[in-house]
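# An overview of the molecular structure
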Amino acid sequence: AATIAGVMSVLLAGFSLFPAFKKLSIEEDWTDVAPVDDIPDGEPVKRAVVISQDGGWGRFNTQQLVWIVKNGDHLVVYSAICPHLGCNINAADSGFICPCHGSAWARDGRKLGGPTPRGMDTLEHRVKDGLLQVRYRFFRQGVPDKHVIA
């Protein structure tokens, strides 16, 4: 009985502690968004990206939305999650708008109005072999400064 309890203790400890010692692979993951040539110039484009996350006991995929603004060779990628309460941001004539509570941003992500505490959250991105890639992050909502939470 003591042997069985010992083995079970070791197994449970391993399962309990293993996630804490795993490297956060999301810190290193780049996600493909689209070929740069497929992104129109001057108009915001919404794209869905699939990101992989560690969920403690396993790895799972989720789909997240991003907004891309391309002006010539200059690209900016924004999270489509509103910094106020997490609704999905839509495009508008003046830039972007949150349909839930009326927050608005210019095309450069600058806050124009509404209850949002800050501008749109930019995402780190790169172009590799003609393909736009993003390092997706989640940010704390409802605070004036951008803080990565995952």
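Description of the structure in this document. Note that the structure is a prediction, hence the values are computed from the model and not measured.

## Quick look at the overall build of the protein chain
Within the protein chain one finds 1 helix and 10 strands. Going residue by residue from the N terminus, the α and β elements of the protein chain occur as α-β-β-β-β-β-β-β-β-β-β. Looking at the 150 residues of the protein chain, the share that counts as buried comes to 35%. Pairs at least 24 residues apart make up 46% of the contacts formed inside the protein chain by residues separated by at least 6 positions.

## A look at the packing of aromatic side chains
One pass over the full model with this rule turns up 3 aromatic pairs. Summarising the aromatic geometry, the rings of tyrosine 136 and phenylalanine 138 are spaced 5.2 Å apart at their centres and angled 70 degrees between planes, so their arrangement reads as edge-to-face. Through successive ring pairs, a cluster of aromatic residues spans Trp67, Tyr78 and Phe96.

## Considering the pairing of strand β4 (residues 74-79)
Across a regular strand the side chains alternate sides, sitting on one face of the sheet and then on the other. Burial within β4 is extensive, with 5 of its 6 residues counted as buried. Both strand β3 (residues 59-71) and β4 contribute to a ladder of 6 bridges, which runs antiparallel. Bridging across to β4, asparagine 71 finds its partner in histidine 74. Counting the residues between successive antiparallel strands, the hairpin from β3 to β4 contains 2 residues, one of them, glycine 72, with a positive phi of roughly 65 degrees.

## Remarks on the pattern of salt bridges
Applying the stated criterion to the full structure yields 5 salt bridges. Ionic pairing is found between aspartate 29 and arginine 59, a salt bridge with its closest N-O pair at 2.6 Å. On the criterion of sequence distance, the pair formed by aspartate 29 in the loop between α1 (2-21) and β1 (31-35) and arginine 59 in strand β3 is long-range, its members being 30 residues apart. Look at aspartate 29 and you get partly exposed, because its relative accessible area is 24%. Put simply, aspartate 108 and arginine 110 hold a salt bridge, and the shortest N to O gap is 3.2 Å. What makes aspartate 108 partly exposed here is its relative accessible area of 47%.

## Let's talk about the nonpolar core
By size, the foremost hydrophobic cluster in this structure holds 18 residues, and its most contacted members are Val33, Val66, Ile68, Leu132 and Tyr136. Counting 12 residues, the second largest nonpolar core, distinct from the first, contains Tyr78, Ile89, Trp105 and Met120.

## Quick look at the sheet that holds strand β2 (residues 45-54)
Spatial strand order, β2-β3-β4: 3 strands in an open sheet with antiparallel pairing. Two strands bound the open sheet, and with one partner strand each, they are β2 and β4. On average, adjacent strands in this sheet sit at an angle of 35 degrees to one another, irrespective of strand direction.

## As for the state of the cysteines
Scanning all chains against the criterion turns up 1 disulfide. The partner cysteine of cysteine 87 in its disulfide is cysteine 100, sulfur to sulfur 2.2 Å. Here the S-S torsion is close to -110 degrees, and the disulfide linking cysteine 87 with cysteine 100 is therefore left-handed. Of this pair, cysteine 87 sits in the loop between β4 and β5 (90-92) while cysteine 100 sits in the loop between β6 (95-97) and β7 (104-106), placing them 13 residues apart in sequence. By relative accessible area, which is 15% here, cysteine 87 ends up buried. Between cysteine 82, a free cysteine, and cysteine 98, which holds the nearest cysteine sulfur, the sulfur-to-sulfur gap is 3.9 Å.

Criteria and cut-off values
Residues numbered from 1 in each chain as written. Predicted model: local features only at pLDDT ≥ 70, side-chain atom pairs only at ≥ 80, totals over all residues. Heavy atoms only, no water. Helix = DSSP H or I, 4+ residues; strand = E, 2+ residues; numbered from the N terminus. Buried < 20%, exposed > 50% of the residue type's maximum accessible area, 1.4 Å probe, protein only. Contact = heavy atoms within 4.5 Å. Phe/Tyr/Trp six-rings, centres within 6.5 Å; stacked < 30°, edge-to-face > 60°. Pairing = 2+ DSSP bridges. Salt bridge = Lys/Arg side-chain N within 4 Å of Asp/Glu carboxyl O. Core = buried A, V, L, I, M, F, W, Y, C linked by side-chain atoms within 4.5 Å. Axes fitted to C-alpha atoms, helices over the stretch in contact; angles between N-to-C directions. Disulfide = S-S within 2.5 Å.

Any link to function would need more than the numbers given here.
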